[in-house]
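Structural characterization, general
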Amino acid sequence: MIAAAPHSTQTARIETARLILQPHALSDFAESFALFSDPEVFRYISGRLGTREEAWSRLLRYIGHWAALGFGYWVVREKTSNAFVGEIGFANYERIIEPSFAGIPEMGWALMPALQGKGYANEAATAALAWADRQWPGGTTGCMISPENLASIRLATRHGFAEVVATTYAEHATLVFHRHGASSRISAS
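Below is a summary of the structure that appears in this document. (Residues numbered from 1 in each chain as written. Predicted model: local features only at pLDDT ≥ 70, side-chain atom pairs only at ≥ 80, totals over all residues. Heavy atoms only, no water.)

**Focus: the pairing of strand β7 (residues 162-169)**
Bridging between β7 and strand β8 (residues 172-180) involves seven bridges; their strand directions are antiparallel. Within β8, the residue paired with A162 across the bridge is H178. Taking the residues that link successive antiparallel strands as the turn, the β7-β8 hairpin has two residues, and the phi of A170 there is positive, at about 50°. (Pairing = 2+ DSSP bridges. Helix = DSSP H or I, 4+ residues; strand = E, 2+ residues; numbered from the N terminus.)

**Thoughts on a nonpolar patch on the surface**
On the surface, L26, W56 and L60 cluster together into a nonpolar patch covering about 290 Å² of accessible area. Residue placement: W56 occurs in helix α3 (residues 52-69). (Patch = residues over 30% accessible without salt bridge, like charges linked within 9 Å, V, L, I, M, F, W, Y side chains within 5 Å. Areas by Shrake-Rupley, 256 points an atom, 1.4 Å probe, with all protein chains shown as cover. Salt bridge = Lys/Arg side-chain N within 4 Å of Asp/Glu carboxyl O.)

**Description of α3**
Taking 1.5 Å of rise per residue, 18 residues should cover 26 Å, and α3 covers 25 Å from first to last C-alpha, within 8% of that figure. Taken residue by residue, α3 has A55, R58, L59, Y62, H65, W66 and L69 as its buried positions. Buried residues belonging to α3 abut β2 (19-23), α1 (29-36), α2 (39-42), β3 (73-78), β4 (84-91) and α4 (120-135). (Expected span 1.5 Å × (residues − 1). Buried < 20%, exposed > 50% of the residue type's maximum accessible area, 1.4 Å probe, protein only. Contact = heavy atoms within 4.5 Å.)

**So, the nonpolar core**
Core analysis: the largest hydrophobic core is formed by 33 residues, its most contacted members being L21, W74, I88, F90, M107, W109 and W131. Take this core: its biggest share by element is eight residues, from α4. Once residues within four sequence positions are removed from consideration, L21 is found in contact with A12, R13, I14, T16, W74, V75, V76, I88 and A124. V41, F42, V75 and A91 belong to the second-largest nonpolar core, a separate cluster that totals eleven residues. (Core = buried A, V, L, I, M, F, W, Y, C linked by side-chain atoms within 4.5 Å.)

As structure tokens, this is what we get:
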């Protein structure tokens with residue numbers, strides 16, 4: 001189990017130059033559902049659209065992570081307009097996968113297709129990983145990405161994630177990446 005101290009959702013709020021990252025609330029459901037029912041978003045996740053029921057369970061899981069583990073996913077919004085950009089964060093999903101994510105917070109992200117290509121994913125990832133480096137100094141974080149999702153692979157490697165293994169999860173090809181603590185810095189690429 002990943003050791004973490006509980007956080008109030010107020011102390012978990014992050015501001016960047018253009019974005020606000022804050023833990024989910026029930027009021028984020030409609031936007032989260034819209035994100036995960038968009039064909040472009042799910043293309044690399046499972047290949048099928050998320051249902052309303054799955055979106056509700058995901059939202060409750062996000063809220064529960066903060067309450068039980070002291071970390072989780074953030075809603076990402078534009079600072080000036082409050083527009084929903086997407087979601088980014090860390091989770092403990094207890095996945096059955098080799099190599100195991102046991103003890104390693106798993107990072108993930110998804111952005112609304114209309115807001116991709118503006119540098120928001122990079123900005124949010126920089127902020128989230130800085131938060132992680134303070135939480136787990138020198139610790140390892142991981143992520144898994146479809147081998148076809150080149151944009152996410154570029155984002156991960158830019159932030160210090162290195163491929164560990166090519167494997168399968170839920171009958172889909174996937175790449176597992178690890179990043180080792182604060183010593184990993186964004187490359188100039």
